[in-house]
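Report on the structure
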Amino acid sequence: MRIAIPVEEPSFEGEICEHFGRARYFAVFSVKEGMLNGAELIELPEEHEAGELPRLLKEKNVDVVLANRVGRKALAHFQSLGISVVTGLEGRAVEVVKAFLEGKD
C-alpha cells in the first residue's frame, strides 16, 4: 500500500498542508505488512489543472490519501481512480501515517 500526505514543507516530519490543492509537496509512504517500508517526497507544480494531482498520485501507485481538507471535485477524481481519501487530519506526516496504520485516524 502507498499512502500520500500533502505537506507544508519538503519533509516527512512536515505538517499536513491545511488544504490538499494548495500543497507544494507530498510525502508518499510505502507500507508492507502493516509497517512503513520506505518513503519519497514529490514536489508539485505551482499551478495545476483540475484532476491533475489525483492522476499524478495514481501514477505513483498511491492507494490512500490522508489530508486535512480536500475539495469535492478532487474527492470525485480520487474516487474515480480508486484512491481512498481520509480527511480531517492534522499533525506531522510521519506521525499521522503511523496513527492511521494503528487504526487511530
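Our subject in this report is the structure included herewith. (Residues numbered from 1 in each chain as written. Predicted model: local features only at pLDDT ≥ 70, side-chain atom pairs only at ≥ 80, totals over all residues. Heavy atoms only, no water.)

Scanning all chains against the criterion turns up three aromatic pairs. Judged by centre distance (5.3 Å) and plane angle (70°), the ring pair of Phe20 and Phe78 falls under edge-to-face. Note that Phe20 is positioned in the loop between strand 1 (2–7) and strand 2 (25–32) and Phe78 in helix 2 (residues 72–81), a separation of 58 residues in sequence. One exposure class covers both Phe20 and Phe78, and it is buried. Taken together, the ring pairs connect Phe20, Phe26 and Phe78 into an aromatic cluster. Taking NZ or CZ as reference, Arg24 lies 6.0 Å from the ring centre of Tyr25, over its face. (Phe/Tyr/Trp six-rings, centres within 6.5 Å; stacked < 30°, edge-to-face > 60°. Helix = DSSP H or I, 4+ residues; strand = E, 2+ residues; numbered from the N terminus. Buried < 20%, exposed > 50% of the residue type's maximum accessible area, 1.4 Å probe, protein only. Lys NZ or Arg CZ within 6 Å of the ring centre and 35° of its normal.)

Let us look at the pairing of strand 3 (residues 35–43). On any regular strand, side chains alternate: one points to one face of the sheet, the next to the other face. Note: strand 2 against strand 3, seven bridges, orientation antiparallel. Across the sheet, the residue bridging to Tyr25 is Glu43, located in strand 3. (Pairing = 2+ DSSP bridges.)

Here the phi dihedral of Glu33 falls at roughly 55°; this positive angle occurs in a residue that is not glycine. Here Glu33 is to be found in the loop between strand 2 and strand 3. On the basis of relative accessibility, which here comes to 77%, the residue Glu33 falls in the exposed class. Despite not being glycine, Asn61 shows a phi value in the positive range, around 60°. Inspection of the secondary structure puts Asn61 in the loop between helix 1 (52–59) and strand 4 (64–66).

Now for the nonpolar core. As a rule of thumb, nonpolar side chains are buried together in soluble globular proteins. Formed by 17 residues in total, the largest nonpolar core has its most connected members in Ala4, Phe20, Phe26, Leu57, Val62, Val65 and Phe78. Among the secondary structure elements, those contributing two or more residues to this core are strand 2, helix 1 and helix 2. Sequence-distant contacts of Leu57, that is, excluding residues within four places in its chain, are made with Ala4, Phe20, Phe26, Ile42, Val62, Val65, Phe78 and Ile83. Counting 16 residues, the second largest nonpolar core, distinct from the first, contains Ile16, Val31, Leu89 and Ala93. (Core = buried A, V, L, I, M, F, W, Y, C linked by side-chain atoms within 4.5 Å. Contact = heavy atoms within 4.5 Å.)

With mixed pairing, five strands are arranged side by side in an open sheet as 3-2-1-4-5. Looking at strand neighbours, the two that pair on one side only are strand 3 and strand 5 (84–86), the edges of this open sheet. With direction set aside, neighbouring strand axes in the sheet form an average angle of 20°. Of the strand pairs in this sheet, strand 4 and strand 5 are connected by three bridges, and their pairing is parallel. Counted as the bridge partner of Leu66 is Val86 from strand 5. Along the sheet face, helix 3 (residues 93–101) touches strand 1, strand 2, strand 3, strand 4 and strand 5 and points at about 145° away from the line of strand 1. (Axes fitted to C-alpha atoms, helices over the stretch in contact; angles between N-to-C directions.)

Glancing now at helix 1. All buried positions along helix 1 are accounted for by Leu53, Pro54 and Leu57. Buried residues of helix 1, seen end-on, are gathered within an arc of 100° and therefore sit on one face of the element. Against strand 1, strand 2, strand 3, strand 4 and helix 2 lie the buried residues of helix 1. Directly beyond the C-terminal end of helix 1, a positive phi value near 60° is found at Asn61. (Arc of directions from axis to C-beta.)

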